[in-house]
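Okay, here's what each chain looks like letter by letter:
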Amino acid sequence: MTLKEAARYAGYSPDHFRRLAVEQHLIPFARPSGQQKGKILFRKTDLDRFLGEDKDEQTKQPGRRRKSKHIQIW
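Looking at this structure, how should I read the packing of helix α1 (residues 3–10) against helix α2 (residues 14–23)?
What describes two packed helices is the angle between their axes and the distance between those same axes. At a minimum axis distance of 9 Å, the contact between α1 and α2 shows a crossing angle of 95 degrees. Relative to α2, the element α1 is oriented roughly perpendicular. In this structure, α1 uses Leu3, Lys4, Ala6, Ala7 and Ala10 to contact α2, whose residues at the interface are Pro14, Phe17 and Arg18. Its residues assigned to classes, the contact of α1 with α2 shows 6 nonpolar, no polar and 2 charged.

Quick question: what am I supposed to make of α2 here?
Because an α-helix completes one turn every 3.6 residues, residues spaced three or four positions apart along the sequence face the same direction. Among all positions in α2, only His16, Phe17, Leu20 and Ala21 are buried. One side of α2 holds all its buried residues, which, seen down the axis, span an arc of 130 degrees. Looking one or two residues past α2, histidine 25 carries a phi angle of roughly 55 degrees, positive in sign.

Which parts of the structure should I look at to understand the packing of aromatic side chains?
Each aromatic ring pair is summarised here by two numbers: the centre-to-centre distance and the angle between the ring planes. In the structure shown here, the tally under the stated rule is 4 aromatic pairs. Ring centres of tyrosine 12 and phenylalanine 17 lie 6.2 Å apart, and the angle between their planes is 40 degrees; this geometry places the pair in the tilted category. The same class applies to tyrosine 12 and to phenylalanine 17, which are both buried. With 6.4 Å between their ring centres and 45 degrees between their planes, tyrosine 12 and phenylalanine 50 make a pair best called tilted. One end of the pair, tyrosine 12, is in the loop between α1 and α2; the other, phenylalanine 50, is in helix α3 (residues 44–56), with 38 residues separating them in the sequence. Side by side, tyrosine 12 and phenylalanine 50 carry an identical accessibility label, which is buried. Members of the aromatic cluster, each reached through a chain of ring pairs, are Tyr12, Phe17, Phe29, Phe42 and Phe50.

Rules used throughout
Residues numbered from 1 in each chain as written. Predicted model: local features only at pLDDT ≥ 70, side-chain atom pairs only at ≥ 80, totals over all residues. Heavy atoms only, no water. Axes fitted to C-alpha atoms, helices over the stretch in contact; angles between N-to-C directions. Helix = DSSP H or I, 4+ residues; strand = E, 2+ residues; numbered from the N terminus. Parallel < 35°, antiparallel > 145°, perpendicular 65-115°, else oblique. Contact = heavy atoms within 4.5 Å. Nonpolar A, V, L, I, M, F, W, Y, C, P; charged D, E, K, R; others polar. Buried < 20%, exposed > 50% of the residue type's maximum accessible area, 1.4 Å probe, protein only. Arc of directions from axis to C-beta. Phe/Tyr/Trp six-rings, centres within 6.5 Å; stacked < 30°, edge-to-face > 60°.

As C-alpha cells, then:
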C-alpha cells in the first residue's frame, strides 16, 4: 500500500503516519528505490499487526489524544 492508502486504512493523517513509520520506527515499511528519500510502501499484514497491538495497548497508543469536551463542575 502507498502511504496515503495505509494512513487511510489505519485512521491517521498521512503526515502523522509517515512520522510513526519513518521517524519513530513503529511501522515496518519498504522503499522501492532503496534510498533514504522517495516513495514508501506498507504491507497490509504489518498494518494489521500494528493496529492489533495498538488496540491491546491503549496506554502506549502513538499519537495525540483529543481533549475531552466534557466540563467538570466541582
